[in-house]
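# Observations on the three-dimensional arrangement
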Amino acid sequence: MSSKALILESDRLRLRLGEADDIDSIIRYFTVNRAYLEPFEPQRPNNFLTRAYWQAELEARRIDAVMGRSLKLFIFTQSDPKQAIGVINFNNMIWGAFQAATLGYSLAAAHQGQGYMVEAGARLIRYGFEVLNLHRIMANYMPHNQRSAKVLKRLGFEVEGQARRYLFINGKWQDHVLTSLINPEWKYR
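Here's what I pulled together on the structure shown here.

The rules behind the values
Residues numbered from 1 in each chain as written. Predicted model: local features only at pLDDT ≥ 70, side-chain atom pairs only at ≥ 80, totals over all residues. Heavy atoms only, no water. Helix = DSSP H or I, 4+ residues; strand = E, 2+ residues; numbered from the N terminus. Buried < 20%, exposed > 50% of the residue type's maximum accessible area, 1.4 Å probe, protein only. Pairing = 2+ DSSP bridges. Axes fitted to C-alpha atoms, helices over the stretch in contact; angles between N-to-C directions.

Positive phi is not limited to glycine here, since Asn133 has a value of about 60°. Position of Asn133 among the secondary structure elements: in the loop between α4 (116–130) and β6 (136–141). Given a relative accessible area of 6%, Asn133 falls into the buried group.

Moving on to the sheet that holds β6. Sheet architecture is open: eight strands sit in the order β1-β2-β3-β4-β5-β6-β8-β7, paired in mixed fashion. At either end of the open sheet lies a strand with only one pairing partner, and these are β1 (7–9) and β7 (158–169). On average, adjacent strands in this sheet sit at an angle of 25° to one another, irrespective of strand direction. Summarising the sheet, strand β2 (residues 13–16) and strand β3 (residues 71–77) pair through four bridges and their orientation is antiparallel. In the strand pairing of β3, Leu13 is matched with Thr77.

In structure tokens, the structure reads:
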């Protein structure tokens, strides 16, 4: 995959890997939304909001994309393509007999309730199924996060069960509802 040129577009959004020119925008996104996102995310290292961290992180993300390990994209609007409003990721990409990835995402508090995450999710899922040839996309949410549950339902994910103390989020092990979406058009390539 040539990750540098990867830009996924939808009607209102542009999804792409971060570049050095985006670091200030990325730091601004995580700084402004820190309190809003904190209950739903893992603890961050002390240097998370520094340019040095993001220089190294963006290079690691580029390498992971090229190697097919993950695809971690930032969400921008078409009208303001330099200001990050969210993130959307395929994490833990596994090939061979599994052909799967885990979907993760977050969106700025100011952009909630406008359908942006469903639009971004639909676009990334289409790429995952049509281009990457994923068979299964999994996504998990904490039972009290009904906003995320509604996004996944609108994207067609089905609940498969619940895992106790599944992920270490905001300083403690949290239960998660497990969901998945299967590629109905998957073919062996």
